[in-house]
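# Breakdown of the fold
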Amino acid sequence: MQSLSFIILCPLLAAGLIALVPRNYQVVFRSLALLSTLLSLLGAIRIFAGFDTGSAALQFEEQVAWVDSLGISYHVAVDGINVGLILMGAVVAFAAVCVSREITARQKEYYLLLLLMAGGILGAFASYDLFFFYFFHELALVPTFILIGVWGRGEQRNYATFKITLYLSLGALVALVGLIALYLEAGHQTFNLWSLARQLEADPIDPARQRYLFPLLLFGFGILVSLWPFHTWAPLGYAAAPTAVAMLHAGVLKKFGLYGLIRVAVPLLPAGVQSWAEVLAWLCLGNILYCSLVAMRQKDLNLLLGNSSVAHVGFAFLGIASLTLLGLTGAVVVMVAHGFLAALTFALSGYVRQQTGTVNLDHMGGLLERLPFIGGVLVMAFLAGCGLPGFANFPGEALVLFGAWQGYPGVAILAAWGALILAAVYMLRAVRVLLHGPLPERWGKVADAPHLWHKLPYGLLLAALLLFGCWPRLLTDKIQPCVADIVRRAEAPPANSAAGLARIALPPAAAPALARPGATDGLTASRHPR
Amino acid sequence: MDDLILIGPELAVLITGLAVLLLDLWAPPSQRKTIGYAAAAVLGVVFLGTFAFLLPEPRMAFGGMLVLDELALFFKRFFLLAAGLVLILAVEFSDRLKAGESEYFALILFALAGMMFAASANDFSILFVALELVTIAFYVLASFQRHRTRSLEAGVKYLILGALASGFLVYGIALVFGLSGTMNFTRLAQAPEAVLSSPLFELGLLLVFVGLGFKIAAVPFHIWAADVYEGAPAPTTAFLAVGSKAAGMVLLLRVLHGAVPALVDRAQPVLMVVAALTILYGVLCAIPQQNLKRLLGYSSIASAGYLLVGVAALNAAGLSAVLYYLAGYLFTVLAAFLVIALAFPNVDSEEIGALAGLHERAPLLAAALALALVSLAGVPPLAGFFGKFLLLKAALAAAGGTPGLYWLLGVAIVGVVISLAYYFGVIRTMYWEPHPPTSPSSPSSPSPPCLAVPTPMRVALWLCIAGMLWLGVMPGSILNLTDLAVQSLAPAVPVP
Amino acid sequence: MLLAFLGSLILWARDATGEPAVTWLALGTGTGGLQIELGLKLDPLSRLMLLVVTGVGSAIHIYSWGYLHADRNRGRYFAGLSLFTFAMLGIVLANNFLMLFIFWELVGVSSYLLIGFWFARPAAAEAAKKAFLTNRLGDFGFLLGIILVWAALGTLSFTELEARLADDPAALGAAASVAGLLIFCGAMGKSAQFPLHVWLPDAMEGPTPVSALIHAATMVAAGVYMLCRVFFVLAVPGSVALELIAWIGGVTALLAALLAVQQNDIKRILAYSTLSQLGYMVLAVGVSGASRDPSVAMYHLTTHAGFKALLFLGAGSVIHALHHEQDIWKMGGLSRRLPITFWTFLLATLALCGVPPLSGFYSKDAIIARTLESGHHGLFALATLVAALTTFYMFRLVFVAFTGPAKSQAADHARESPPVMTLPLLALAVPSVLAGFWGIHRVYGAQYGAEPAAAGSWAQQLVEPFAHAPLAAGAGLAAALMGWLGAWAWYRAALQDPLPARFATVARWLRDRLYFDELYERLIGWTQESLARLADGVDRWVIMGVAVKGTHGTFELLGRLLRLAQTGNLQTYAFVLVAGVALLLFLVMAR
Amino acid sequence: MSVGLTHYLVVSLLLFCLGLFGVLVRRNLLVMFMSLELMLNAANLALVAFARYHHNLSGQIMVFFIITVAAAEVAVGLALIVALYRQRRTAHVEDLASLRL
C-alpha cells in the first residue's frame, strides 16, 4: 500500500469496475468511489509520513519502460515538491466523493468520470515522465466537460463547459508543444524528467533557444492555471460545475500548470526563466490585484470564489517568478494550501446551494443562525482566504512576499495589498452578506449538516488547512532541499553549469555560438535529424 | 509462382468477392447476411495470413511493378481490418439497401483488392489501375441506394469529380513517363538530375499529386468530400473515409519517397501550404454543421491535413506518425460510423439533434461515439491523441530546419482546439441536450424506445473501442510496426 | 465549552500570580534565509504585560459570565474570547517579528469575531468588517515594514536585531525612517491612531466585556506595546519616525478628546476616551527618542488598562441594568440605584482624569513631563489641553448618567448587577487606585536599561511627580480642574446637552465625528469600488466579450463563410477543383 | 514537314484543354462525362507519342489499361446518369444540389 501506483490506480481501477457494474446497483457506485478514494488517501498519508524529510532524492520510485523507441517510461516517484501535492489531491478527492451525496441522477457515469478525473490528476503529480505527466492530466479533460455539462448548473452551463474545455485544451496543447520541443532540444531521446534534468544540467540548451521554449511552457501551463489574461474560464467554469468537480478542478487539477512550471520549466530552462521572470512577475499582479477587484463586484458566490481562486494562484506565480528559495517554497506551500482552501470553499458553497437553491448573494443573509457548523467553517475558510495566520495559506503567501521582495519590491508591495486588503474586502463582504445580518424568512428551513459523517469532508479539509498552517515545517522541510536544487540551477549562469564539459574555458560570448549541434560533442550531433 | 504468392492476399480477396457474387445466385435471400459475415470472416483469416510473410527485405513481383515490403504489409493489414469491419457494418445496413446486398459486399471486396494493390504499387500503371479499381467500385457503392436521390447525387458527383481528377492523374503520368521514359518507381528514383529538374516533369508530378490529393481529400481537391460523405450509405462513407484516404496516402508516400526522393525537399512548401489550408478548411466548415455524416466529412478533410503535416515533416518520425495516425483513425472513424448506422435507423435524417438522449436509449452507442469523437479530437487516453502527439513531435523535430513548419504547427493547434468545439458539441447533444420535441404523430411516447445493438455490431464496436484504447495507452507495439514500415519504404529517409 | 473555559480560567489565574520559568521556547520553522522561531520572550516588559493581560482578562471573563448568561451562543463567545487571550499572550511573548505579526493578525480576527458576535444586527456586522479592514490596512504597512527590516538585516528575531542594531546603528541605512513608519502603521491600525482611528468607536457594537477587554485594555494597547517592543528599530539615529509618531499620537489624542465631548452613547464616549489615551501613549513613545526609554508609555498603558477596563465594565453594568440602553441622555440618577457601579466608575473616572493619588495621575504626569524634558513644547501644550478635555467629557458623562433625575423609565427601575459582575468591578478598582505606588515604571525602565532607582517610601512615591517635574504635575492638575469646572457648570443638572445650542456648527461637526467616516467612504470606498467596477467591466466586456467571444465569433463566421463554397453545384465544384490545380501550378511553377 | 513529338503533344494538350473546357462550361451531365473521356484520351495520345519516342512499350501498355478502365468507368457512369435521369427526369447539373453547404 505504500506505493504510488496504488494511489493512482485505486481510483482508475474503481472507475473501470464501475463501468462493468450494471446501472441498477446505485449503492455500489458510491461505495466503490468512497472506498477507492479512501484507500488512495490512506496510501498518500503513508507516503507523506514515510517520506524521508530533508532529502532531495526521489523516493518511492517505480519505473516501467513503456515506449522504448521514444524514451517514454511509466516512472512515478515523489520528492519534496509533489509529496504534499499528492496528499492534497488525495484528501480533496476523498472529500469530493464525500460531498457528492447531492448527486442522485446517473450515478454510474458520475462516479466513473469523477474517479477518472481524480486518478488522472494524482497520476500527473506523481509522474516523472513528461509524457505521462501530460497524459494523466489530459485524462481529466473529457470528464470535466461531461461532468459540468450533465450535472452542472446555471444558465451559462453550456457556454461554460465549452469555454473551460477549449481554454484548457489550448493551454495543454501549447504546453505539449513546449514539452516536445524541450524533449527534442535536449536531444537525449528521453521523456524522463529525472534523466533530462541531469543531462541538461551538464549540457544545457542554448540560452537563446530557452528563451523561445520557455514562453511556450509559461503560457501553456499559464492558461491551465488561469494566468491573467487567460483567466476568464475559471470563475465561469467553477460557477457552473457541480460541487465535487469544482473542488477537484479548482483545488487539484489547476495546480498541474503551476507544478509543471516548477517541475519542468524552471529547472530545465534556467536561462529562459531568467529572461521571462519579470514578465511573469507583472502578469501575476493581474491575477492578484485585478481578479481581486473583479471578485469584489461579483453577485454570485461561486463567481466570487472562482475569481478569488484565480487571485490566489497569482501568489504561486509570483513565488515562481521570484526565483528564490523562499519564493518557490512559498509557491509550493500556496499550491497545497490553496488546494485545500479552494476545495473547502467550493464544498461549502455547494452545501449552501443545495440547501437554499441559490448562490446569489443578493438573496442571502443571516444564514449563520441556521448553519452554525457550515457557517463557522465557512467563516474560517474565508478568513483563511484572506491569508490569516494559522491557516496554511499564510505561510505560503508570506514566504512568497518575502521571496518576491528581493527581486521585485514594487510587485511585492502591490501583491501584499492584494493579499491583505483586497482579499479581506471581498471575503468579509461575502461573510457579511451571506452569514451576517437578519435571517430572511424564506431560509427558515435551511438545515445544518446533520451528523459527523456529513461534516467529515469539511472537517477534514479544514483540519488539513490548520495542520499545515500551524506547522508549515511539515511541508517546508520537505520542499526545501528540492527547491534549493532548482534555485541553484536557475541562478547558475549557463557557462558555469557546463563545468564538466570541455567548454569550460570558453568565454561566455563564445559559448552560445558553439552550443549549436555538430560543433560540440557527440551527444548533440544527433539533435537535428535534418 | 513466387509472384502469385506475393499477391496471395489480393487474390484471396478477389476470389472471395467473386465467390460472394456466385453464392448469391443460389443462396436464399434470408442467407445473404450469412454471406456477408462469411466474407468478413474470410477477411479475418487473410488478415491473420498476412503475418505469415516474413520480410527481411522488400521483395519485388511482376518485374518490379509490385513490391511487398513492411509498408505494403502494414497497409494491407490496415485495409483488411477496415474492410472486415465495414462488411459487418454493411450486413447490418443491408436492410436499407433495398436490393443487391451481395453485390454491395462484393464491391467492397473489389475496392479492398484495389487498395491492397495500391499498397504494393511500384509502378505508375499499377498505381493507376489500383486507384481506378477503388474509385469505380466506390462510384457504385456511393450510389447504391438507388431509391434515394441523395445517394445517387453523391454517386454522380463522385463520378464526375473523380473522373476529372483521374484525367489530371493520367495526364500527369503521361508527362512523367514522357520525360523519364519509365513508369517504374525504382527506376525513376535513379533518373538523371536533368530530368528531375525539368519543369514539365515537375508539372507531371503535380498533376499526379492532384489525383492523389483528390483521394485523400486535401484542399483544394476536397470539394467532393462533404457532399459524398453525406449522401452515400454509411458503410460506403466509412470505407471511403478510412480505406480510400489511406490508399491515397500510401500512394503519395510511395511516389514521394519511392519514386522521386530527390525532389521531396522541393515538395515540402507545397505540402505545408496544402496541409495548413486543409486543416483550416476542414475545421472551420465543420463548426456550423448539423448533419453528423457531413460533419465527419469535414473532419476527415481536417484529418487529411494532419496527415499531410506528418508527410511535410519529411522525416521518418513524421511518416511513422502518419501511419500511426491512420491506424488510430481506422478504429475511431469506424466506431463512429458503426454508431451512425445503428443510431439513425431512419436513413434520411442524420441530424445531430436526433442523437439527443442517446445515452439513455443506448448507453453503449453513446459511449462509443463519445470515445470516437474524443479520439478524433486528440484527447488522451485514446488513439487520436497519440497520433497527434507523434505528428507534433515529428513536425517540431523537423521545424529546426524549416521555420515554416512552426506556422503549420500553430495552424494545427488552432485546428485541434476548434475541432474540440464541434466534436464536444455532439457529445453534449448525446449526454445532456433535452429530447427534441416529440413529433405530433406520436405524442404518447415521451422518450424513444431503447435501441437494440445486434451482437456482431456489438463485437465490432468493442473491437473498435479496444483498438482506440490500445493505440492510446499501449503504443509501443504498433509504433514498432510503423517504424519498420517506414524503414522499408525509404532507408534514405533520415532516422532521428 | 463552559467547563473548558473554567479550566483555562484556572490556568490564567495561576499565570497571573506565578511566573513561567522558561524564558525561551524555540522551535524552528525555518527555511534558509528566513529563520522564524515560535519562541517566547519573557523579559520585564512582557512579564508585566502578561500580568495586565491575564489579570484584566480574568476579571472580564468572570464578568462576561454574568453579562451573557442568557445568550445561547455563549460557546462561540467564549471561544472567541479564549482565542483572543491566546493571541494576545502570543503578542506579548513573541520573540520575533513574524510571530508578532501572526498573533497580531489573530488578535485582529478574534476582535472581528467578537465585534460581530451579534451578527444578526447589521450594525455589528458592518462594524466587525470595518474593524478588520482598517486593521488590515495597518497590517499591510506592518508586514512591509517587517519585510524591509528583514531585507536589510537578515533576521527577524528581536534579540538578534537589537544586537545587530547596537553594533551598527546605521545598518538599516536610508530605509530606517521608512521601516520605522511602516512598522508604526501596524500600531496605527491596532491602536486606532489617526487616520486609522475610525474603526474603534464602531467596534462598540460588540458585547461590552469585549469592548472592555479588547477595545480598551489590551488589544488596542498592543500597538503601543509593539512600539515599545521594537523601540530599538524606531530609535535608530537619523530616523524621523519617532517625531512623526509623537505628532500622530498627539493629534489622535486631541481629536478623540474633542469628538468625545459630543458623543451621547456611553460606550462611544469611552471609546473616544480610549482613543485619546492611546494617543497619549503613542505620543509618549514618540517623545522618548532622546532618552531611549519609552517606559512611560508602558506605564500609562498599564494603568490605563486597569481603569479603562473598569470604566467599560461599569458601563456594561449600566447597560445591562438598563436593558441595553446606551444613550446617556436616557440615564440619570444611577448613583443611587447602582451604588457599586457608580463608585467604581467614579474612581476610574478620577484615575483617568489624572487626579492624585490615583494611578492615572502618575502615568499621565510622566508623559506630560517627558514632553517637557524632550523639549516638545507644542506637544506639552497639546497634552495639557487634552487632559482638560478628558476631565470635561468624563464628568459630562458622570453628571449626566449618574446624577440628576432619571431621564427614562428604564433608568428609574434599574437594579444593581449580580455579584459575578460587580466583583470584577471591585477587583479592577484596586489597581486603578493603587497602581501609581507599585513602581511599575521602574519595572519597565529596567527593560530599557535605566538604573533601578531605589524605591522610596509610600509618601515619597506619592509626591514624586511634584518633586520630579513640578510644572508638568501642576499643569496636569490645573487642566483636570478646569475640565471638571466646565463639566460642573454645564452638565451638573442638565436634561439635555446645552452645547449644540451654543456652538451649533462645532457641535454638529463633533457629533458627526468630523465626517471622517464619510470622507473615507468617499475616498477609499469610492476609489476601490470604481477600480473594481473598472476591472469587472474590463473582464466582462474586453476579455470575455471582445477577446473571447470575438475570437469565437470570428471562427464561427469564417466557418459559415467558407461553407458557402459548397454550393452543391457540380459545375462549381469542378471549377473550384480546376482553379485549385491552376493556382497550385502557378505557385509552384512561378517559383 | 515531318510530324514530330511536339506536334503530338500539342494536339494532346489541345484535346485535354478542350475536355477541361467542356467539363467546366457544359451543363449536361452526359456531355460533361464525354468531355472527361476526351481528357483521358488526350493522355492516351501523349502516352502513345512518348512510348514511340522512348521506344518503350510500357506507355502503350498504360494506354490499354486506360482504355479498359475508361470503358468500365463509362459503363458505371452511364448507368448512374441514367438512373438519376429516371428518378429526376433531368440530367442538368443545376438540378443536382440537394447536398450542399
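Presented here is a report on the structure given in the accompanying data block. Everything numeric here is computed off the predicted structure, so don't read it as measured data. (Residues numbered from 1 in each chain as written. Chains lettered and ligands numbered in written order. Predicted model: local features only at pLDDT ≥ 70, side-chain atom pairs only at ≥ 80, totals over all residues. Heavy atoms only, no water.)

The subject of this paragraph is the overall build of chain C. What chain C contains, in helices and strands, is 27 helices and 0 strands. Within chain C, buried positions represent 60% of all 591 residues. Partitioning the contacts of chain C with sequence separation of at least 6, the portion at a separation of at least 24 is 80%. Working note: accessible area of chain C is about 21,500 Å², and carbon and sulfur atoms make up 69% of it. (Helix = DSSP H or I, 4+ residues; strand = E, 2+ residues; numbered from the N terminus. Buried < 20%, exposed > 50% of the residue type's maximum accessible area, 1.4 Å probe, protein only. Contact = heavy atoms within 4.5 Å. Areas by Shrake-Rupley, 256 points an atom, 1.4 Å probe, with all protein chains shown as cover.)

Contacts between chain D and chain B engage 42 residues on the former and 45 residues on the latter. Contact between chain D and chain B buries roughly 3,500 Å² in total, counting both sides, with carbon and sulfur atoms accounting for 79%. Ranking the residues of chain D by area buried against chain B places Met 62, Leu 80 and Leu 99 of chain D at the top, with a combined share of 20%. There are 0 salt bridges connecting chain D and chain B. Run the count over chain D and chain B and you get 9 residue pairs in polar contact (both at pLDDT 80 or more). Those elements that place two or more of their residues in the side of chain D that touches chain B are helix H1 (5-25), helix H2 (29-54) and helix H3 (58-88) of chain D. At 16 residues, the largest contribution of residues to the side of chain D that touches chain B is made by H3 of chain D. Here the side of chain D that touches chain B is built from residues that sort into 31 nonpolar, 8 polar and 3 charged. (Buried area = accessible area lost by both parts, 1.4 Å probe. Salt bridge = Lys/Arg side-chain N within 4 Å of Asp/Glu carboxyl O. Polar contact = N/O pair within 3.5 Å; in protein donor to acceptor, adjacent residues only side chain to side chain. Nonpolar A, V, L, I, M, F, W, Y, C, P; charged D, E, K, R; others polar.)

Turning our eyes to something else, we now look at a nonpolar patch on the surface. A cluster of nonpolar side chains, Leu 38, Leu 42 and Ile 45 of chain A, forms an exposed patch at the surface whose accessible area comes to about 220 Å². Here Ile 45 of chain A lies in helix H2 (residues 26-50). (Patch = residues over 30% accessible without salt bridge, like charges linked within 9 Å, V, L, I, M, F, W, Y side chains within 5 Å.)

On to the side chain of Ser 349 of chain A, then. Mapped onto the secondary structure, Ser 349 of chain A falls in helix H15 (residues 325-356). Note on Ser 349 of chain A: relative accessible area 0%, which makes it buried.

Moving on, we come to unusual backbone geometry. With an omega of 0°, the peptide bond running from Trp 228 of chain A to Pro 229 of chain A counts as cis. As for its position among the elements, Pro 229 of chain A is in the loop between helix H9 (207-224) and helix H10 (233-240). The omega torsion of the bond from Val 219 of chain B to Pro 220 of chain B falls at 5°, within 30 degrees of zero and hence cis. Its location among the elements puts Pro 220 of chain B in the loop between helix H10 (199-216) and helix H11 (225-231). Even without being a glycine, Phe 60 of chain A presents a positive backbone phi close to 50°. Among the secondary structure elements, Phe 60 of chain A is positioned in strand E1 (residues 59-67). The phi dihedral of Ser 226 of chain A falls on the positive side, at around 60°, and the residue is not glycine. Within the secondary structure, Ser 226 of chain A sits in the loop between H9 and H10. With a relative accessible area of 0%, Ser 226 of chain A lands in the buried category.

Enumeration according to the criterion identifies 72 aromatic pairs over all chains in this entry. Each ring, one from Tyr 134 of chain A and one from Phe 385 of chain B, has its centre 5.8 Å from the other, and the planes form 20°; the classification is stacked. With Tyr 134 of chain A in helix H5 (residues 130-138) and Phe 385 of chain B in helix H18 (residues 383-399), this pair bridges two chains. You'll find Tyr 134 of chain A and Phe 385 of chain B in the same group, each marked buried. Plain terms: the ring middles of Phe 97 of chain C and Phe 142 of chain C are 6.3 Å apart, the flat faces sit at 70° to each other, and that makes the pair edge-to-face. Pair noted here: Phe 97 of chain C is in helix H4 (residues 97-115) and Phe 142 of chain C is in helix H5 (residues 122-153), with a separation of 45 residues, a long-range link. Residue Phe 97 of chain C shares its accessibility class with Phe 142 of chain C, and that shared class is buried. (Phe/Tyr/Trp six-rings, centres within 6.5 Å; stacked < 30°, edge-to-face > 60°.)

So, on to the arrangement of the chains. Here 5 pairs of chains are in contact, and chains A and C lead that list by number of contacts. Considering only C-alpha positions, the minimal separation of the non-contacting chain A and chain D is 25 Å.

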